[in-house]
Amino acid sequence: MIMSWNTTNKCNMYCKHCYRDAGVEDTNELNTTEGKSLIDEIAKAGFKIMVFSGGEPLVRPDIYELIEHAVKVGLRPVLGSNGTLITSKVAQKLKSAGTMGIGISLDSLHSKKNDKFRCYEGGWREAITGMKNCREVKLPFQIHTTVMNWNKDEILDITDFAVGMGAVAHHTFFLVPTGRGADIEDESLPQEQYEKLLTDIMLKQKDVSIELKPTCAPEFMMIAKEMGMNPRFSRGCLAGTSYCIISPSGDVQPCAYLDLPIGNVRETPFSEIWKSNPIFKELRTMNYKGKCGVCKYKKACGGCRARVAYYNDGDYMEGEDWCSYSNEEKENVK
């Protein structure tokens, strides 16, 4: 089970696709004491992996203290970062605090394209430096890439770059138009290209030793299984079943891209929200509508609950229109 906490809304970048609309610090962010109590509740709820993200988590002065507390209560702390603030000293402090890994964003092998997307000159160069600093202190890192129509042809090359840099994984994030991402919806991949790229990624997995994981693209599980592969992942979409996210001010959502606050940890202990919230309970039924409801891969895939909500007036239990798979068509072929 994976928990992601947006520890702050503050960020030194202003990325075009940011679901959190990060940049300026939220004046109502959880403080250190509240953050530690939240971490206690996350462990109590049975989570194993604790993702500290943002904004940019490294702008939060108490981030090392929070990481140490996560270790203390038995969680596996990892970070989601843009990488630009990871100096040699920061990399060592992260490792010493108990950080088990860090995801660093890189969206193109061309620095100008990357920096334009992230509205930060020098971001590409600084992210690469951050990766090297992690590698130097033996802090495992992986590369995170947001897939757009202008970088789709680079994805497999970025995987090769990740291998060369010594990354342990390359995770690709497929745009769900939430936050600032709604302004660039027309730059996301159409369905045909979406499924082709997922297929190419699964084929690439056969050739590389590092982990390749599409995110917000749960159909990769169906594609992998149709190809005779057996991914180590148990499920594509984890929203509300074995994953959720908490905002800087304590709002709980089923996932980062499903803009549906369902409680606040200042008002209700997180472990209670996770156990008893009716929206979480409904997501766990997997009683999906449309093609997702009858698909033989609904337990392995689940459809992107955030994407179906966006395109179906907020109905997160609807079928996934982006998927072309059909049980009936497969039966007819046989």
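Data block above holds the structure.
This text gives an overview of the structure that appears in the document. (Residues numbered from 1 in each chain as written. Predicted model: local features only at pLDDT ≥ 70, side-chain atom pairs only at ≥ 80, totals over all residues. Heavy atoms only, no water.)

1. Brief notes about the overall build of the chain
Phase 1 of the analysis: Helix and strand counts for the chain stand at 13 helices and nine strands.
Phase 2 of the analysis: In summary, the chain has a C-alpha radius of gyration of 19 Å against a globular reference of 20 Å for 334 residues, a match within 12%.
Phase 3 of the analysis: Counting only C-alpha atoms, the chain reaches 60 × 45 × 35 Å along its principal axes.
Phase 4 of the analysis: A buried classification covers 57% of the 334 residues belonging to the chain.
Phase 5 of the analysis: Pairs at least 24 apart in sequence give 69% of the contacts found in the chain among residues at least 6 apart.
Phase 6 of the analysis: Here the chain holds 42 positive side-chain charges and 44 negative ones, and the gap between their average locations is 6 Å. (Helix = DSSP H or I, 4+ residues; strand = E, 2+ residues; numbered from the N terminus. Rg over C-alpha atoms; globule rule 2.2 N^0.38 Å. Buried < 20%, exposed > 50% of the residue type's maximum accessible area, 1.4 Å probe, protein only. Contact = heavy atoms within 4.5 Å. Lys, Arg positive; Asp, Glu negative; His and termini not counted. Charge placed at Lys NZ, Arg CZ, Asp CG, Glu CD.)

2. Considerations on the side chain of Arg180
Phase 1 of the analysis: Tracing the backbone shows Arg180 in the loop between β6 (169–174) and α7 (191–205).
Phase 2 of the analysis: Here Asp21 takes part through its side chain, which lies 2.5 Å from a polar atom of the side chain of Arg180.
Phase 3 of the analysis: Not counting residues within four places of it along the chain, the set of residues in contact with Arg180 comprises Tyr14, Cys15, Lys16, His17, Cys18, Asp21 and Ala22. (Polar contact = N/O pair within 3.5 Å; in protein donor to acceptor, adjacent residues only side chain to side chain.)

3. Remarks on the nonpolar core
Nonpolar side chains in soluble globular proteins generally cluster together in the buried interior.
Phase 1 of the analysis: Residues Phe52 and Phe270 are the most contacted members of the largest nonpolar core, which totals 95 residues.
Phase 2 of the analysis: Every residue in contact with Phe270, bar those within four places of it in the chain, is listed here: Met3, Leu38, Glu41, Ile42, Ala45, Phe47, Cys244, Ile246, Val252 and Val265.
Phase 3 of the analysis: Residues Cys11, Met13, Cys18 and Ala22 belong to the second largest nonpolar core, which totals six residues. (Core = buried A, V, L, I, M, F, W, Y, C linked by side-chain atoms within 4.5 Å.)

4. Overview of the packing of aromatic side chains
Phase 1 of the analysis: Inspection of the entire model under this criterion finds 11 aromatic pairs.
Phase 2 of the analysis: Aromatic side chains Phe117 and Trp150 sit 5.1 Å apart centroid to centroid with 70 degrees between the ring planes, which places their arrangement in the edge-to-face category. Here the residue Phe117 occupies a position in helix α4 (residues 111–118), and Trp150 occupies one in the loop between β5 (141–147) and α6 (155–165), the gap between them amounting to 33 residues.
Phase 3 of the analysis: The exposure class of Phe117 is buried, given its relative accessible area of 3%.
Phase 4 of the analysis: Judged by centre distance (5.4 Å) and plane angle (90 degrees), the rings of Phe174 and Tyr194 are edge-to-face. Remark: Tyr194 occurs in helix α7 and Phe174 occurs in strand β6; sequence separation between them is 20 residues. Accessibility classification places Phe174 together with Tyr194 in one group, the buried group.
Phase 5 of the analysis: What links up through ring pairs into an aromatic cluster is the set Phe47, Phe270, Trp274 and Phe280. (Phe/Tyr/Trp six-rings, centres within 6.5 Å; stacked < 30°, edge-to-face > 60°.)

5. What about the pattern of salt bridges?
Pairing between side chains of opposite charge can happen when their charged atoms approach one another.
Phase 1 of the analysis: A complete count under the given rule lists 12 salt bridges for this structure.
Phase 2 of the analysis: As a salt-bridge pair, Glu211 and Arg232 come within 2.5 Å of each other at their nearest N and O atoms. In this pair, Glu211 is assigned in strand β7 (residues 211–215) and Arg232 in the loop between α8 (219–226) and β8 (243–246), connecting sequence segments 21 residues apart.
Phase 3 of the analysis: A salt bridge links Asp315 to Lys289; the nearest nitrogen and oxygen atoms lie 2.5 Å apart. One end of the pair, Asp315, is in the loop between α12 (305–311) and α13 (327–333); the other, Lys289, is in the loop between α10 (278–285) and α11 (290–294), with 26 residues separating them in the sequence.
Phase 4 of the analysis: According to the relative accessible area criterion, Asp315 is partly exposed, its value standing at 22%. (Salt bridge = Lys/Arg side-chain N within 4 Å of Asp/Glu carboxyl O.)

6. Details of the sheet that holds strand β3 (residues 76–81)
Phase 1 of the analysis: Pairing is mixed across the open sheet formed by nine strands, whose spatial order is β7-β6-β5-β4-β3-β2-β1-β8-β9. Only two strands of the sheet have a single partner each, and these edge strands are β7 and β9 (252–253).
Phase 2 of the analysis: Relative to β7, β6 is paired through five bridges, and the arrangement is parallel. Pairing of His170 across the sheet is with Leu212, part of β7.
Phase 3 of the analysis: Sheet strands touched by α7: β5, β6 and β7. Its angle to β7, the strand with the most contacts, is close to 165 degrees. (Pairing = 2+ DSSP bridges. Axes fitted to C-alpha atoms, helices over the stretch in contact; angles between N-to-C directions.)

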